[in-house]
Amino acid sequence: MNEPQQNLWQFMSGESDKLLNQTFQHLGLTFISLFLAVAVGLPLGIFIARKRKLSGSVLAVAGVLQTIPSIALLGFMIPLLGIGAKPAIVALLIYALLPIIRNTYTGIVGISEEVKEAAIAMGMSKMQVLFKVELPLAMPVILAGIRTATVINVGVATLASYIAAGGLGEFIFGGISLNNTNMILAGAIPAALLAIILDAVLAAIQKMNVKKFRKLLYIFPVIFLLLGGFYLLPKAYGGSLTAGFTPEFMGRQDGDLGLKAIYGLKIHTIVISDAVMYQAAYEKELDVISGYSTDGRLKAFNLTILKDDKGIFPPYYAAPIVRVKALRKFPELEGVLNLLAGKITDSIMTDLNYRTDYLHQTPERVAKDFLMGCGLYKSAKGGKKGVIRIGSKIFGEQYILAEMYRMLILGNTDYEVATKTGLGGTKICFDALMNDQIDFYPEYTGTGLLVLLKPDPKMAKKIAHDKDGTYQYVSEQFLQQFNIRWLKPIGFNNSYALMMRQKQSKDLDVNSITTLQQYLDKN
């Protein structure tokens, strides 16, 4: 039995506290970076207005920096500044520089030479000409640049959640991972409103007469710093520990929702990409993270799994799920996919994940080495009997499994293969399967049960911890409801887990989720 679907207003009302915190964070990131951009861009614009030969080079560099894709720029910042607010603020500062420098330069250069000469003839010094003549006359153009930079920053700041800097992007990324339109809109609508409101406020300031504007100019830095302080406000009410959870984990009953309902876990939480989450824990930016029990980064980053003593994380069989139409179209497919059945144990999968996640070996190499070791690898036949489309989610284990299946199909059949890996979270992969965009992908029985089928809570509780019972139930229901087959399990079990650094876990005497909550209650 599925729960009744929430409308947007109900969702936003239910998440109002979190939405308010993320809005504060978003404002803070925007104005801290904007304050720094004005502090850098305004003097630089004045400088190149004086040294015009350098204007082309400076503006070109600022322009090139702004053309770097925002997600790539954040990625470049991580090795230099780690994760969190620092790389996000630097990236936003870089994006805001061009309109501020360019408009400052244009505004000053556009002032008539006669006006400047008149000011000098009255006995003004160069500094007096700048502050009493040039800047006041150029201010409407400069403010237009600041308006543009503000709107850019509000939009780009949504990506800050990718590196655990918070903001409204947490809702947007979570909604994309879960294919939840309400969650996406809960982040997108406030971000759009912020951009509109701030642009309107700056437009009103831009139209002020010079006397009013001069009075306001003295309190501008204070306003920027106060608004920047909003970033720290949610943290003032956080707990002694900080958790980092992936977007999908945040929206699942066998994830954050279950932790709150069953354990009553109350911990300051930020949404973060799986790609940087483990590194963040290792660098002590995060204290607790969500992860997978077979993840190779457990060993790489000296993490320990907290015991799930109330059993909210059921064990998951991994198995390929295939459209029945695809099995009919490609009659050899089922037999080939089942060649992997029972071949990968928990320890083997952990080792394979370690090689991709930490040693940075390619999934193709890891998959080929494993298949050769099992005697399953064969050279591609190069057949042309049709194209099988393989999908995967967006983490290392799925890439490895997709590569194994690709090699098995190419080596044992005359079919061609097209891979569509890294599709995102569960809902996106499953929707791609249902909409005939892919023919199969590796899935987990617990995910099929709790995320895709969503049975009556009593039924879910009854079978969730019976691995074989869960596999049988999802097999029957998927065939009946979706016309999709679960093939034989690959062999390993996977489940969600909460993790801490081993040393921290020992120092705090926290070795289970219950003792984690007890520690948080005392601190």
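Refer to the structure printed above.
Keep in mind that this is a model prediction, so the values were computed, not measured.

(A) Just the packing of aromatic side chains, in detail. If you walk through the whole model with that rule in mind, you get 16 aromatic pairs. For the ring pair Y292 and Y496, a centre distance of 5.2 Å and an interplane angle of 20° mean the geometry is stacked. Of this pair, Y292 sits in strand β3 (residues 288–292) while Y496 is found in strand β11 (residues 496–501), placing the two residues 204 residues apart along the sequence. Of the two residues, Y292 and Y496, neither departs from the other in class, the shared state being buried.

(B) Broad picture of the packing of helix α7 (residues 126–156) against helix α9 (residues 181–206). It is at 9 Å that the axes of α7 and α9 come closest, and there the two elements cross at 170°. Taken together, α7 and α9 sit at an angle that is classed as roughly antiparallel. Contacts between α7 and α9 involve P140, L143, A144, I146, R147, T150, V151 and V154 from the former and A191, L194, A195, L198, D199, L202, A203, I205 and Q206 from the latter. The class makeup of the residues in the contact of α7 with α9 is 13 nonpolar, two polar and two charged.

(C) The arrangement of the layout of surface pockets in detail. When its volume is computed, the second largest pocket comes out at roughly 910 Å³. Lining the second largest pocket are 42 residues, with S273, D274, A275, I394 and F395 positioned closest to its centre. Element by element, the count of residues in the lining of the second largest pocket is highest for helix α14 (residues 274–282), at six residues. Counted by class, the lining of the second largest pocket contains 22 nonpolar, 14 polar and six charged residues.

(D) Fine view of the side chain of R297. With respect to the secondary-structure elements, R297 resides in helix α15 (residues 297–300). Residue classification places R297 among the buried positions, given a relative accessible area of 8%.

(E) A look at the pairing of β11. The element β11 is extensively covered by neighbouring structure, given that six of its six residues are classed as buried. Here β3 pairs with β11 via four bridges, running antiparallel. Residue Y292 lies in a different strand from β11, and its bridge partner there is Y496. Pairing of strand β4 (residues 303–306) with β11 involves four bridges; the strand directions are antiparallel. In the strand pairing of β11, I305 is matched with M499.

Calculation rules
- Residues numbered from 1 in each chain as written.
- Predicted model: local features only at pLDDT ≥ 70, side-chain atom pairs only at ≥ 80, totals over all residues.
- Heavy atoms only, no water.
- Phe/Tyr/Trp six-rings, centres within 6.5 Å; stacked < 30°, edge-to-face > 60°.
- Helix = DSSP H or I, 4+ residues; strand = E, 2+ residues; numbered from the N terminus.
- Buried < 20%, exposed > 50% of the residue type's maximum accessible area, 1.4 Å probe, protein only.
- Axes fitted to C-alpha atoms, helices over the stretch in contact; angles between N-to-C directions.
- Parallel < 35°, antiparallel > 145°, perpendicular 65-115°, else oblique.
- Contact = heavy atoms within 4.5 Å.
- Nonpolar A, V, L, I, M, F, W, Y, C, P; charged D, E, K, R; others polar.
- 1 Å grid on protein atoms, 1.4 Å probe; cavity = no way out; pocket = protein on both sides within 12 Å on 5 of 7 lines; lining within 4 Å.
- Points joined across faces, edges and corners; volume = space filled by probe spheres on them.
- Pairing = 2+ DSSP bridges.

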